[in-house]
Structures are given as C-alpha cells and as structure tokens.
Amino acid sequence: MVKPRVLFVGTGFFAATILEALFDTSTLVGAVTQPPRPQGKNKERLDNPVAVVAKEKNVPLLTPDKIGTSFEVLEALTPDVLVVADYGQIIPERILLLPPHGALNLHPSLLPRHRGATPIESAILEGDDITGVTLMVMDSKMDHGPVVAVIEHKLSGNETVLELEAVLASKAAALLTSTLPNYLEGTVTPHAQEHSKATFCKMLTREKGYIDGSTTVLQALRMYRAYQPWPGIWTTVTVNNKPKRLKLLKVKEWKDFLPEDTNVLFRNDDKLGLKLADGALIIEEAQLEGKKVQPAKDLINGLRV
RNA sequence: CGGGGGGUAGAGCAGUCUGGCAGCUCGCGAGGCCCAUAACCUCGAGGUCGCGGGUUCGAAUCCCGCCCCCCCAA
C-alpha cells in the first residue's frame, strides 16, 4: 500500500508525539507550526516541540504567522490529507478543504465534551471519570465536525495534566495510525456529534489559579493537578502590610484536620497549613513573589507563621 | 528604554523611611531536664550587612555607579 501524503499542523508536546508516529506510517510532505515565540527570562526564541521533531526527521517545516497566508505553498505540497493537533490557530476553511481527503483533527477529549483550547485540564478540573481522544473531520466550527474514531482513557483522579497529556498523546498517535488508512479508503463513516451535549473550555489565565478560604479542598487539589506547570495555584499573603502572591508549588491534603480559629496560613508543629472552605492543605513548597522557591520550614521562619 | 520586589550568620527574614552597640526564628555546638523525644530550659560559636566609590565624628541605613536573584507583563 502506498503511504498517504500527510501535511501535519500542530505545535505542542501532544502534537509532536503524533508527528513522530506519522513519520513511520506516512509520507510527511510538511509540518506547519507556530513561529518561535520569545519565552523565558532571556526572551529566547526556542523551537516548539513540533519544530524540534520536524527538524530531527527532516520534514519540511513551515512557520507562518497566519496559516491562511500560506495557501499556495501548502497546495504545492499536494497532500492527501491534513492532520491537525494542538495548533493554536484557527485554520481557514479553504485550507481545510485543500487536500482531497480534507482535514482531520485529534482532540484530547471525548467530543462533544470539552471543545476548545484546554480539554485535558478541563477533564481533571471537572473530575471526569473518563476521558480520551477523538479523531474527527474538521469543519468551519471549532471541534464541531463528524467523529471518525474515539479511544477512551479512564482517569484515576490523581493524575496531573502533564501525565495525562503524555498518555493521551500516545493513545492519539495509536488511534491515528490505526484509523487513517481506513479513513482514506472510505471504509469508516464519520458520524455527527451530538451537538446539544457540547461543553466548551476556555484558555487558561493566571487568575484561574487563585485559591483562598472560599475554595474547597477538592477544588484546590483538582486545580493543583490541572494547572501544572502553568498557571499553577496561588493565594495571597500579607508581608510587611503588603499583599504578595504565594505560588503553591507542592501541596497535599491535610487529612483529618479541620482548622477552626486559625489564620488562613497556620502552623502545626513543623507543618505549614493553608485553611480552605472545608479543610486545609499542607504546603510543602511555595514561592513568595520576588523570592525563590522555599520549603515549608523556611516559609515558617521567614513569614513568622 | 516594559512594571515591580529583593541581596544582612549555614537557612529564612526584621532593621533602612527618621544615620548612633548586628537583631529574630530555625539550624549547628556544649550542658541541663526527662522513662523518652523532632518537645522544653541554659550557655555558646558563627557577619566583608552583594561589589566599588562618595557624604559624615559616625553608614546595613543617605548619595552615585556596578553585579546578581526573583515576581509580573510579553
């Protein structure tokens, strides 16, 4: 069988894992990814995961500011199909319709649940029992097209977003490579999503990681697992009469402990606690605004808890 | 020219505004107490107050320059 000519479009780790899998099972005519953005303290322009893999495998790499402007270039690559994962840009419909077999998208959730930018985080945040990866035909609306195939994944309730992303990425790669030939031969029939059951998730912001005394322990722990490494969970404390952000980098539940007349930040022996709505967290590592990461012991000493 | 916080004993921090004995908590050492302890008590060691210059009788503190760390924003 002739390997399909695939044009890959994606950006992050999830996408890069899929690109790697495609390398063996298809002819990659090109990889489109976001241009390198300045990041980190030195504002370095680092290659994203897809760019790294593409260079490693000698796949032609394209990094247009807007993919819509590259229509002619992409057309010249004569792909059979477009495979999109975690790209981070809206792709114009004329690009989606460019290859004879259209565009497929791998979305790390069980569509129509968690349409949008942060499906993996949302599954953890909402305490889903099960999630998965959906392979779908793209149409003009976001994560809206007919479903080609699905693979499920049961959640333990303890995984972090990074762990879950890694699992879903490899499942996505397996789902795509096993399904793509059948799709191209027309032996699988995509079926429409139940649009009435759709839920949507929005992009994350720093503010979403804020917790305080009105947050429940369950919420806080879900946020803690969903928001690593960014935006993380944080609260505010008063230092020298000024409010400061305290990033909570390592926490766990303070089991069997219900603080009553304590401050929001409190101490019990050598443990540092944060009082929440229905219990407390043990803070093991945190970072005060402008300071380095500190273990609980140093925070107790410095903050005079 | 992006906005801001910081550098003081091994660790984390006060003190700086308003110049006048180098402090706090922890750790470390010695001793004590105790059936016992990471608890408690007593004593002790440990400082180039980031670096350089200036003002002053006197600078961690005020002025000028420099180095380094971090938060936010992108």
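Provided above is the structure to which this section pertains.
Calculation notes
Residues numbered from 1 in each chain as written. Chains lettered and ligands numbered in written order. Predicted model: local features only at pLDDT ≥ 70, side-chain atom pairs only at ≥ 80, totals over all residues. Heavy atoms only, no water. Helix = DSSP H or I, 4+ residues; strand = E, 2+ residues; numbered from the N terminus. Buried < 20%, exposed > 50% of the residue type's maximum accessible area, 1.4 Å probe, protein only. Expected span 1.5 Å × (residues − 1). Pairing = 2+ DSSP bridges. Contact = heavy atoms within 4.5 Å. Axes fitted to C-alpha atoms, helices over the stretch in contact; angles between N-to-C directions.

## Describing the environment of Ser196
And step 1. Among the secondary structure elements, Ser196 is positioned in the loop between helix 6 (161-185) and strand 11 (200-201).
And step 2. Overall, Ser196 belongs to the exposed group, its relative accessible area being 71%.
And step 3. The spatial distance from the C-alpha of Ser196 to the C-alpha of Glu284 is 43 Å, given a sequence separation of 88 residues.

## Side note on helix 6
And step 1. Taking 1.5 Å per residue as the helical rise, helix 6 with its 25 residues ought to reach 36 Å, and the 35 Å between its terminal C-alpha atoms agrees with that figure.
And step 2. At the exit of helix 6 stands Gly186, carrying a positive phi of roughly 80 degrees.

## As for the sheet that holds strand 9 (residues 130-137)
And step 1. Spatially, the seven strands line up as an open sheet ordered 5-2-1-6-7-9-10, and their pairing is mixed. With partners counted over all chains shown, the strands left at the sheet margins are strand 5 (61-62) and strand 10 (147-154), one partner each.
And step 2. Sheet analysis places strand 2 (residues 27-32) next to strand 5, joined by two bridges and oriented parallel. Opposite Ala31, over in strand 5, you have Leu61 as the bridge partner.
And step 3. Along the sheet, helix 6 makes contact with strand 1 (5-10), strand 6 (81-85), strand 7 (103-107), strand 9 and strand 10, crossing strand 10 at roughly 150 degrees.

## Section: unusual backbone geometry
And step 1. Cis geometry is adopted by the peptide bond preceding Pro112, which originates at Leu111 and carries an omega value of 15 degrees.
And step 2. Turning to its location among the elements, Pro112 is positioned in the loop between strand 7 and strand 8 (115-116).
And step 3. In this chain, Trp230 is followed by Pro231 through a cis amide linkage whose omega measures 0 degrees.
And step 4. Positive phi outside glycine occurs at Asp86, with the angle close to 50 degrees.

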